[in-house]
Amino acid sequence: MASSSAHLRHPDPSAIADAATLLAGGGLVAFPTETVYGLGANASDAAAVARIFAAKGRPADNPLIVHLAAADDAGRVAAHVTTLARSLLERFAPGPLTLVLEARSSVPQITTGGLRTVAIRVPDHPVAAALLERADLPVAAPSANRSGRPSPTTAAHVLADLGPLVDLVLDGGACPVGVESTVVDARGPRPVVLREGSVTREELGMSADPADDRALAASPGTRYRHYAPSCEVVVAASGDAAATSARMAEAGRRVGLLADDDAPDGVVEVVRFGDAVELAQRLYDGLRRAEELGLEVVVVEQVPPEGVGRAVMDRVRRAAGELVADHR
Ligand code: TXA
Ligand code: MG
């Protein structure tokens with residue numbers, strides 16, 4: 001770990017200043033946000049952004065979120081900040097909400113995956129906020145994992161996936177939310193949810209029923225298999241997970257459990273959670289740990305599709321390979 005710890009820094013003011021200098025010079029800096037760690041580069045520097053795509057192994061048509069220090073900076077990358085966007089920014093910025101708006105022509109095509117729209121977000125995390133303020137740049141930052149891997153919620157996850165490919169990792173500890181931001185198309189008069197996340201439909205003033213989810217096709221990232229550990233993921237009904245895992249263990253499989261319940265004999269307790277908020281915080285770490293333990297299968301107990309539970313179940317189902325629909 002000596003070589004990777006060399007660029008892992010506690011986010012004190014001198015590390016923040018160095019990170020800002022790296023960004024200005026075309027470098028890659030991984031930093032914590034309230035949702036997951038991001039892999040940042042100057043959004044206006046096409047060569048720096050190309051390094052993000054190379055490090056992640058990310059398809060070129062999957063656009064990046066541009067992170068801003070303040071809602072007032074939206075006009076730096078968005079050509080038109082709609083009335084809806086203004087009101088959402090007023091209510092949710094800083095916070096785990098990403099808005100898709102018409103892009104300024106100055107935003108490089110590589111940042112937007114070739115689209116004429118740009119996604120913006122003002123993260124609510126002291127380290128991200130300090131970095132963005134100091135750098136005074138729009139910072140393109142996808143989750144700091146290899147493409148197709150669970151998103152990183154600790155600096156160790158970032159190092160495991162990307163270690164030598166990142167110039168600096170700011171270690172801000174575990175991310176408090178644990179699942180990614182909600183992505184909303186804010187170009188029209190009403191919000192359209194492109195990716196479920198930690199801001200809920202209810203908080204957005206929408207019905208909990210995603211009747212308009214065919215709009216998911218508009219978010220390129222939802223086309224790809226995501227959040228996939230190397231072991232099989234099985235979703236169990238609430239109250240049924242422990243018994244399901246016990247049957248698998250009896251059949252001779254190396255099985256782990258993520259549930260609101262004790263693990264039966266012969267089953268590895270991966271995450272014992274109390275509610276959806278706690279599962280959100282610990283899901284990605286649990287999936288990575290299950291992999292490290294060499295488990296063949298993990299059983300995840302379903303949480304109710306309310307609040308952050310919707311986003312959590314979206315990610316669990318993707319990890320289970322259930323939501324790999326090709327929307328093209
Ligand atoms: O919480 C988060 O959103 C984290 C932290 C680091 O901010 N970032 C994140 O980025 O999850 P990423 O790249 O892993 O996911 C961004 C999602 C993808 O599904 C992408 O397709 C979508 O946002 N997206 C980005 N720009 C878009 C655009 N112009 N139109 C539609 N969808 C867009
Ligand atoms: Mg991602």
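What comes next concerns the included structure. (Residues numbered from 1 in each chain as written. Chains lettered and ligands numbered in written order. Predicted model: local features only at pLDDT ≥ 70, side-chain atom pairs only at ≥ 80, totals over all residues. Heavy atoms only, no water.)

What follows is about the sheet that holds strand β13 (residues 268-272). In space, the four strands of this open sheet follow the order β11-β14-β12-β13, with parallel pairing throughout. A single partner strand is all that each edge strand has here, and the edge strands are β11 (232-236) and β13. Strand-to-strand twist in this sheet, taken as the mean axis angle between neighbours without regard to direction, amounts to 20°. Looking at chain direction, strand β12 (residues 255-259) and β13 are connected through four bridges and run parallel. Residue pairing in the sheet places Leu257 in a bridge with Glu269 of β13. Together, β11, β12, β13 and β14 (297-301) form the strand contacts of helix α8 (residues 276-292), whose direction differs from that of β13 by roughly 150°. Running at roughly 135° to β11, helix α9 (residues 309-319) makes contact with β11 and β14 of the sheet. (Pairing = 2+ DSSP bridges. Helix = DSSP H or I, 4+ residues; strand = E, 2+ residues; numbered from the N terminus. Axes fitted to C-alpha atoms, helices over the stretch in contact; angles between N-to-C directions. Contact = heavy atoms within 4.5 Å.)

This brings us to the sheet that holds strand β3 (residues 37-42). Pairing within the open sheet is mixed, and its ten strands lie in the order β1-β8-β2-β3-β7-β4-β6-β5-β9-β10. Both outer strands of the open sheet, β1 (8-9) and β10 (192-195), are each paired with one neighbouring strand and no more.

What follows concerns the packing of α8 against α9. Between α8 and α9, whose axes approach to 9 Å, the crossing angle comes to 25°. In terms of orientation, α8 and α9 fall into the roughly parallel class. By crossing handedness, the relation of α8 to α9 is classed as left-handed. On the side of α8, the interface is formed by Ala276, Leu279, Ala280, Leu283, Tyr284 and Leu287, while α9 contributes Gly309, Val312, Arg315, Val316 and Ala319. (Parallel < 35°, antiparallel > 145°, perpendicular 65-115°, else oblique. Left-handed = near helix turned anticlockwise from the far one by under 90°.)

Note on helix geometry: an α-helix contains 3.6 residues per turn, so any two residues three or four positions apart are oriented the same way. Along helix α3 (residues 46-56), the residues that are buried comprise Ala48, Val49, Ile52, Phe53, Ala55 and Lys56. For α3, the angular spread of the buried residues around the axis is 165°, confining them to a single face. Of the exposed residues in α3, those oriented more than 90 degrees away from the buried face are Ala47 and Ala54. Next to the buried residues of α3 lie β3, β7 (139-140) and α6 (155-162). For α3, the N-terminal cap is Asp45; the gap from its side-chain oxygen to the backbone nitrogen of Ala47 is 3.1 Å. (Buried < 20%, exposed > 50% of the residue type's maximum accessible area, 1.4 Å probe, protein only. Arc of directions from axis to C-beta. Polar contact = N/O pair within 3.5 Å; in protein donor to acceptor, adjacent residues only side chain to side chain.)

Looking now at the packing of helix α2 (residues 13-24) against helix α5 (residues 126-135). At a closest axis distance of 9 Å, the pairing of α2 and α5 adopts a crossing angle of 55°. By the angle between their directions, the pair α2 and α5 is classed as oblique. Of the two elements, α2 crosses α5, and the hand of that crossing is right-handed. Residue-level contacts link Ile16, Ala17, Ala19, Ala20 and Leu23 of α2 to Val127, Ala130, Leu131, Arg134 and Ala135 of α5. Partitioning the contact of α2 with α5 into residue classes produces nine nonpolar, no polar and one charged. (Nonpolar A, V, L, I, M, F, W, Y, C, P; charged D, E, K, R; others polar.)

Next up on the list: the nonpolar core. Where a protein is soluble and globular, its nonpolar side chains tend to be buried together. Grouped together as the largest cluster of nonpolar side chains are 46 residues, with contacts concentrated most on Leu39, Leu88, Leu97, Leu99, Val118, Ile120 and Leu204. Breaking this core down by element, the ones donating at least two residues are β3, α3, α4 (83-92), β5 (97-102), β6 (117-121) and α6. For Leu99, the contacting residues outside a window of four places in its chain are Ala85, Leu88, Leu89, Val118, Ala119, Ile120, Val184 and Ala186. Of all hydrophobic cores here, the second largest spans 25 residues; its members include Val233, Val271, Ala276 and Leu279. (Core = buried A, V, L, I, M, F, W, Y, C linked by side-chain atoms within 4.5 Å.)

Negative phi values dominate among residues other than glycine, just as trans dominates among peptide bonds. The omega torsion of the bond from Ala93 to Pro94 falls at -5°, within 30 degrees of zero and hence cis. As for its placement among the helices and strands, Pro94 is situated in the loop between α4 and β5. With a phi angle near 50°, Asp136 is a residue other than glycine that sits in the positive phi range. You can see Asp136 is positioned in the loop between α5 and β7. Taking the relative accessible area as the measure of exposure, Asp136 reaches 49% and is therefore partly exposed.

With respect to the secondary-structure elements, Pro32 resides in strand β2 (residues 29-32). If sequence neighbours within four positions are ignored, Pro32 has contacts with Tyr37, His125, Val127, Ala128, Leu170 and Gly172.

Purely spatial values, then, with no claim about function.
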